[in-house]
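The residues making up each chain are set out below.
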Amino acid sequence: MAKERRLKGIAVSKGIVRGTVFIFETKKIEVFQTPILSIYIRKEIERFEKAIKQTKRELMSIKERINQEIGADFAQFLDAQILMLEDKEIINTVKKNIKDEKKNVEYIYHKVLSNYAEKLGAAKTLYLRERVVDIWDIGMRVIRNLMGLTHSSIVEVPKDSIIIAHDISPSDAALINPSNVLGIAIEVGGQTSHTAITARALEIPAVLGIEGLLNKIENGEVVIIDGDRGILIKNPTRGRIHFYEEAKKKELEFEKTLSPYCELPSKTQDGRHIDISANIEFFAEYIHARKYGAEGVGLFRTEFLYLTRRGNPTEEEQYRVYDTLAKRMKPQPVIIRTYDLGGDKIVTDYHEANPFLGWRAIRVGLDNPDLLKIQLRAILRASANKNVKIMFPMISTYEEIRRVNFILKKVMEELKAKGIEFDDTLQVGIMVETPSAAIISSHLAQQVDFFSIGSNDLTQYTLAVDRGNEKISQLFDHFHPAVLRLIKNVIDAGHDAHIWVGLCGELASDPLAMPILIGFGIDELSMSPISIPKVRMVLRALTIPQCVEISEEALGFRTALEVKRFLRRTIHKKFPSIEMVVRKRGEKNE
């Protein structure tokens, strides 16, 4: 019996599934060079123009299907592909080379695309390098149409399959049928790739970036995808299969017990209400937010609008997304965060040795006020729905919030002068995710209407730990006393200034953290929609006096381990009804 093997990658879409490997790979097309006579040059160019038109029709058809089945925001990358398809420089170069070299269009087109892709592949920015996939996705469609070949379709993947591939092109990813596909594992890609975005939208567990995967897997094998930890398990032992089967049964049974909590009020046992909101990365997720009982959108990440294009989306394109989301969530609030570009989402030609400490988020916006103003105008116009709030990311100095508020005020004055309706009383907040912002939060509170604590980045920056680095990942811990004290400092500063304070990030959905956060006085918790029922269940078992006592004692410990051990003992003793939820989360984290 073959030995069990664990292949590590990047967790991009949560969940655990077991299925049969389906290796998805399009057949390699060999393009041959064929001389043509001068009298056939016109005909060759006509063939090229016809193939371009045919490919555009195919892409438009795919776009329409995605619009209807998944959401308009997922189809936006196809707009960028169509722009590439119709790129005048490429088209004119192909036509010119056909005339000059007197070679068949398949060969000429392939050569032109190779040169173009080589330039993009050498770019310093991740965003531009990832566009190489788009170039070849389009190019192979055109060449297949030129050669009269059929397109392999991911729609035909058999039921209960785990798709294994080197890469999945954006248009193929958009055609994945969640009824047949249980999980996805590919050799390349990351959190910002189209495959990752699509997998999360369809709630398909996915692990990306498994180096050399195709050389280690065969068609028909049974594998387990653990999307929580970012692991593919090849040749799982009977014990491993049994473990995951039992875990899945318990998970399903537990989900049934959680179902009523989608509709129950978010109150502690003694009646204190805490807003439970949803973090969403793209428009289509509002469906999940409503399904699981979110009391609003606590964080709408807008980066996908930029990352799925070759540049900034227009004001009108952004406005349509924001306005529709606000209308779908009414009367519940929607907090729209301005672009958090940079870090792992580099989109410029500026190369940095340490991008997480460099030019990102609000720093990019302040250095590109026109970019920021376009987004602010779109958000303000959507605020006419009276349920929109604006949030600025990565504020680390008092000067930054003063500057950004000045720009926001100018945009408001411009809209007012043009008679464009917006909510001039909308709330403005900031993400508190740097130690500097947490320490001077009493000053920052004078400039905003609310704080939202970004626990992931705050922990990363406070402990000087890159949470994506496996060698030091054990040092990344939200329960570190330094992190907890900063969180309490921010909440106290906010309340002293009479503004509300929320928290988003992994800590918001961790049941073990609930007594501390409630004891600190948190007003709102924002998390992945699927976590909402579990958190609401825990919340309804707690009382404020108990949580205050627990949080005060927790601050006296010296290490994160001591804090967690104390919390587990306390929950076992005082809140036995939620101990199972805490234990399940602890097992996953370990």
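Residues numbered from 1 in each chain as written. Predicted model: local features only at pLDDT ≥ 70, side-chain atom pairs only at ≥ 80, totals over all residues. Heavy atoms only, no water.

Trainee: How do you make sense of the sheet that holds strand 6 (residues 206–208) when you look at a structure like this?
Mentor: Pairing between the strands of a sheet comes from backbone hydrogen bonds, and it takes one of two forms, parallel or antiparallel. Taken in spatial order, the eight strands line up as 1-8-7-3-4-5-6-2 in an open sheet, and their pairing is mixed. Bordering the open sheet on either side are strand 1 (5–8) and strand 2 (10–13), each of which pairs with just one other strand. The average undirected angle you get between the axes of adjacent strands in this sheet is 30°. Both strand 1 and strand 8 (residues 231–234) contribute to a ladder of four bridges, which runs antiparallel. The residue bridging lysine 8 from the neighbouring strand is isoleucine 231, located in strand 8. Most of the contacts of helix 8 (residues 238–258) go to strand 3 (residues 16–23), to which it runs at about 125°, and overall it touches strand 1, strand 3, strand 7 (222–226) and strand 8. (Pairing = 2+ DSSP bridges. Helix = DSSP H or I, 4+ residues; strand = E, 2+ residues; numbered from the N terminus. Axes fitted to C-alpha atoms, helices over the stretch in contact; angles between N-to-C directions. Contact = heavy atoms within 4.5 Å.)

Trainee: Could you clarify how one ought to interpret the environment of valine 157 in this entry?
Mentor: Positionally, valine 157 belongs in the loop between helix 5 (126–147) and strand 4 (161–165). Considered as a pair, valine 157 and isoleucine 23 are 134 residues apart in the sequence and their alpha carbons are 9.5 Å apart. Residues within four places of valine 157 in sequence aside, it is in contact with Phe22, Ile163, Asn180 and Val181.

Trainee: Got a minute to help me understand helix 21 (residues 544–554) in this structure?
Mentor: An α-helix turns once per 3.6 residues; consequently, residues spaced three or four apart project the same way. Residues of helix 21 that are buried: Cys547, Ile550, Ser551 and Ala554. Down the axis of helix 21, the sector holding all buried residues measures 95°, keeping them to one side. Exposed side of helix 21, more than 90 degrees from the buried face: Pro545 and Glu552 are the residues found there. In this structure, the buried side of helix 21 is in contact with helix 19 (514–520) and helix 22 (560–574). (Buried < 20%, exposed > 50% of the residue type's maximum accessible area, 1.4 Å probe, protein only. Arc of directions from axis to C-beta.)

Trainee: Is there a simple way to explain the pattern of salt bridges in this structure?
Mentor: Any two side chains of opposite charge can pair, on the condition that their charged atoms come close. Tallied over the full model, the rule gives 28 salt bridges. Lysine 56 is the salt-bridge partner of glutamate 86, the closest N and O atoms lying 2.8 Å from each other. Here glutamate 86, found in the loop between helix 2 (76–85) and helix 3 (88–101), pairs with lysine 56, found in helix 1 (residues 41–69); they are 30 residues apart in sequence, far enough to count as distant. Judged by its relative accessible area of 31%, lysine 56 is partly exposed. The closest approach of N and O atoms between lysine 488 and aspartate 492, which form a salt bridge, is 2.7 Å. (Salt bridge = Lys/Arg side-chain N within 4 Å of Asp/Glu carboxyl O.)

Trainee: In this structure, what is going on with the sheet that holds strand 13 (residues 428–432)? I would like to understand it.
Mentor: Strand order in the closed barrel formed by eight strands is 9-10-11-12-13-14-15-16, with parallel pairing between adjacent strands. Averaged over all adjacent pairs, the angle separating strand axes in this sheet is 25°, with direction ignored. Here strand 12 (residues 388–392) runs beside strand 13; their pairing, made up of three bridges, is parallel. Residue pairing for strand 13: isoleucine 390 is matched across the bridge by valine 428.

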